[in-house]
Amino acid sequence: MPLLAAFMVPHPPMIVPKIGRGSEKQVEETTRAYEEVAGQIAGLKPETIIITSPHTTLYSDYFHISPGYHARGSFERFGVPDVKFDESYDGSLRDRILEKCAKEGFPAGTEGERDARLDHGTMVPLWFIRQKYDGFKIIRIGLSGFPLTDHYHLGEMIREAIDESGRRVVIVASGDLSHKLQEYGPYGFAKEGPEYDRRIMDTCGRAAFGELFDYDEGFCDKAAECGHRSFVIMAGAFDGTAVRAKVYSHQDVTGVGYGICSFYPEGPDETRHFRREWLRKAEEELETKRAASDAYVQLARKSLESYILYRKTIDVPEGLPEEMLKDKAGAFVSIHKEGRLRGCIGTILPTEDCVAREIIQNAVSASTRDPRFEPIRPDELKWLDINVDVLGKPEDIDSEAELDVKRYGVIVSCGSRRGLLLPDLEGVDTVEEQVAIARKKGGISPKEKVRLQRFEVIRHK
């Protein structure tokens, strides 16, 4: 079988002795485990090692794959310029992967490399492997802002290309775990940090790759994890395959989680098509939710679908509840896809003669004009989860003490700059977080004096 094995490894530069200068002794358990898996890779004698790294070129809407045929790097930025790497890329296998992506219209390629030098997420694994084995080429693959299912699908296409090439290949999924495990660590502590590490080591230790989709984006952000998407790409390469997994180590002594596991294929297994099954369940759930949605959400969906498919803004349809035609109010349309925000635009105060027109206009804007995202494509429509928030009139308040993160949204103003955040958002648990995010959205620094307003919403799902 051309895909020989895969390995989940961390990439702390301090683990390299010339960089650590003694501090690497804190992670001796990780070092021993790294040396063991490097020895296994040497025994497998791969022709190509594919490394997925969170620290190479990254885009929100594109997977970057190593261009050209050579790349160099060193640990100069860590004060050790004499530890150098001069690597050859496997252009033939890379091009097969790109052909697979192009055939499906999948957003991956070699364009837009921001720094041709190798990153430490690639070099730390290579440093261990090169101590024991030489004579292989590499492919370096970056992550993206796309949903986890897209990362998994990239792994599926990588596997197809490997099978067709006949190459002997090992995948190295480079990524640290949580960066918020200890108060004394460089990023402090969050309760989600230890929980993420416990869950991911359990998930990977059982090769329960379908569970990788269950890690909520807000949870991962609070845990400040590094490698989750890297691990998901690797998991996709084992789609439909039984996997023998083993955990070698997990340490958190620096405040950052370092986990090492191995994964060996053990033949076909039709029960392990995890992306396909996840999408099937998600589609069923969305269909059920759409059927139960109220007139506000149905109008938003009808509006954005008409515009995306036909570039037509709909008229106010007949049969709407009377309050949608008589009331005037600001409204926000929020669009999520696979748990990730895909667009959100609204109005604080009414700009149309009724709520219905407010929703129609804002649904179009949220789906096609949110500057944070590319316009929604027709093939995405069935995966969209839509909410509509109708805003009450904002009222001035004297301090944050008058806010309630679950009940009230907040508007933060400083001169002509203004930032708004809706209430009861997943991942926003405190008033301090709510106000900080609203400041950031308005381009207002934490030290600037602001005017605070609060408002209530009626949320339609």
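Preceding this section is the structure that the text describes.
Residues numbered from 1 in each chain as written. Predicted model: local features only at pLDDT ≥ 70, side-chain atom pairs only at ≥ 80, totals over all residues. Heavy atoms only, no water.

## Comments concerning empty space enclosed by the protein
Picture a little ball the size of a water molecule; that probe, rolled over the atoms, points out where space is still empty.
(1) Moving on: Evaluation of the coordinates by the stated rule reveals one cavity of 30 Å³ or more.
(2) Moving on: Considering only enclosed or pocket space, the largest cavity measures out at about 50 Å³ in volume.
(3) Moving on: Taken together, F7, V9, Y34, V37, A38, I41, P125, F128, I129 and V172 make up the full set of residues lining the largest cavity.
(4) Moving on: For the lining of the largest cavity, the secondary-structure elements that each account for two or more residues are strand 1 (3–9), helix 2 (28–44) and helix 4 (120–130).
(5) Moving on: Among the elements that make up the lining of the largest cavity, the one with the highest residue count is helix 2 (four residues).
(6) Moving on: In terms of residue class, the lining of the largest cavity is made up of 10 nonpolar, no polar and no charged. (1 Å grid on protein atoms, 1.4 Å probe; cavity = no way out; pocket = protein on both sides within 12 Å on 5 of 7 lines; lining within 4 Å. Points joined across faces, edges and corners; volume = space filled by probe spheres on them. Helix = DSSP H or I, 4+ residues; strand = E, 2+ residues; numbered from the N terminus. Nonpolar A, V, L, I, M, F, W, Y, C, P; charged D, E, K, R; others polar.)

## A word on the layout of surface pockets
(1) Moving on: Taken as a whole, the second largest pocket holds about 420 Å³ of empty space.
(2) Moving on: Along its surface, the second largest pocket is lined by 16 residues, and F106, D150, K337, R377 and D379 are the ones closest to its centre.
(3) Moving on: Elements that contribute at least two residues to the lining of the second largest pocket include exactly helix 5 (148–165) and helix 9 (274–292).
(4) Moving on: Ranked by residues supplied to the lining of the second largest pocket, first place goes to helix 5 with three residues.
(5) Moving on: A breakdown of the residues in the lining of the second largest pocket according to their chemical character gives five nonpolar, three polar and eight charged.

## What to know about the environment of F209
(1) Moving on: In this fold, F209 is placed in the loop between helix 6 (192–205) and helix 7 (217–223).
(2) Moving on: Given a relative accessible area of 1%, F209 falls into the buried group.
(3) Moving on: Separated by 65 residues in the primary sequence, F209 and F274 place their C-alpha atoms 7.1 Å from one another. (Buried < 20%, exposed > 50% of the residue type's maximum accessible area, 1.4 Å probe, protein only.)

## Structural notes on helix 2
(1) Moving on: For helix 2, spanning 17 residues, the distance from its first C-alpha to its last is 24 Å, which sits close to the expected 24 Å at 1.5 Å a residue.
(2) Moving on: Within helix 2 the residues assigned to the buried category are T30, T31, A33, Y34, V37, A38, Q40, I41, A42 and L44.
(3) Moving on: For helix 2, the elements touching its buried residues are strand 1, strand 2 (48–53), helix 4, strand 8 (169–174), strand 9 (241–251) and strand 10 (258–268).
(4) Moving on: Note on helix 2: the residue one or two positions beyond its end, K45, has a positive phi of about 55°. (Expected span 1.5 Å × (residues − 1). Contact = heavy atoms within 4.5 Å.)

## Quick notes on the pattern of salt bridges
Proximity of charged atoms lets side chains of opposite charge pair with each other.
(1) Moving on: Taken as a whole and judged by the stated rule, the model has 41 salt bridges.
(2) Moving on: For E395, the salt bridge goes to R454, with nearest N and O atoms at 2.8 Å. Of this pair, E395 sits in strand 14 (residues 395–397) while R454 sits in strand 17 (residues 451–455); the two residues are 59 residues apart in sequence, bridging distant segments of the chain.
(3) Moving on: E456 is the partner of R407 in a salt bridge, and the nearest nitrogen-oxygen pair spans 2.9 Å. Remark: E456 occurs in the loop between strand 17 and strand 18 (457–460) and R407 occurs in the loop between strand 14 and strand 15 (409–414); sequence separation between them is 49 residues.
(4) Moving on: Taken together, the salt bridges that share partners define one network made up of K337, R342, R377, D379 and E380. (Salt bridge = Lys/Arg side-chain N within 4 Å of Asp/Glu carboxyl O.)

## Description of helix 4
(1) Moving on: Summarising burial for helix 4: 10 of the 11 residues are buried, a large majority.
(2) Moving on: You can read the cap of helix 4 off the contacts: a side-chain oxygen lies 3.0 Å from the backbone nitrogen of G121, and it is on D119. (Polar contact = N/O pair within 3.5 Å; in protein donor to acceptor, adjacent residues only side chain to side chain.)

## So, unusual backbone geometry
(1) Moving on: We note that R21 has phi near 50°; this positive angle belongs to a residue other than glycine.
(2) Moving on: Within the secondary structure, R21 sits in the loop between helix 1 (17–20) and helix 2.
(3) Moving on: Exposure remark for R21: the relative accessible area of 69% places this residue in the exposed category.
(4) Moving on: The backbone of A207 shows a phi angle near 50°, a positive value even though the residue is not glycine.
(5) Moving on: Turning to its location among the elements, A207 is positioned in the loop between helix 6 and helix 7.
(6) Moving on: A relative accessible area of 1% places A207 in the buried class.

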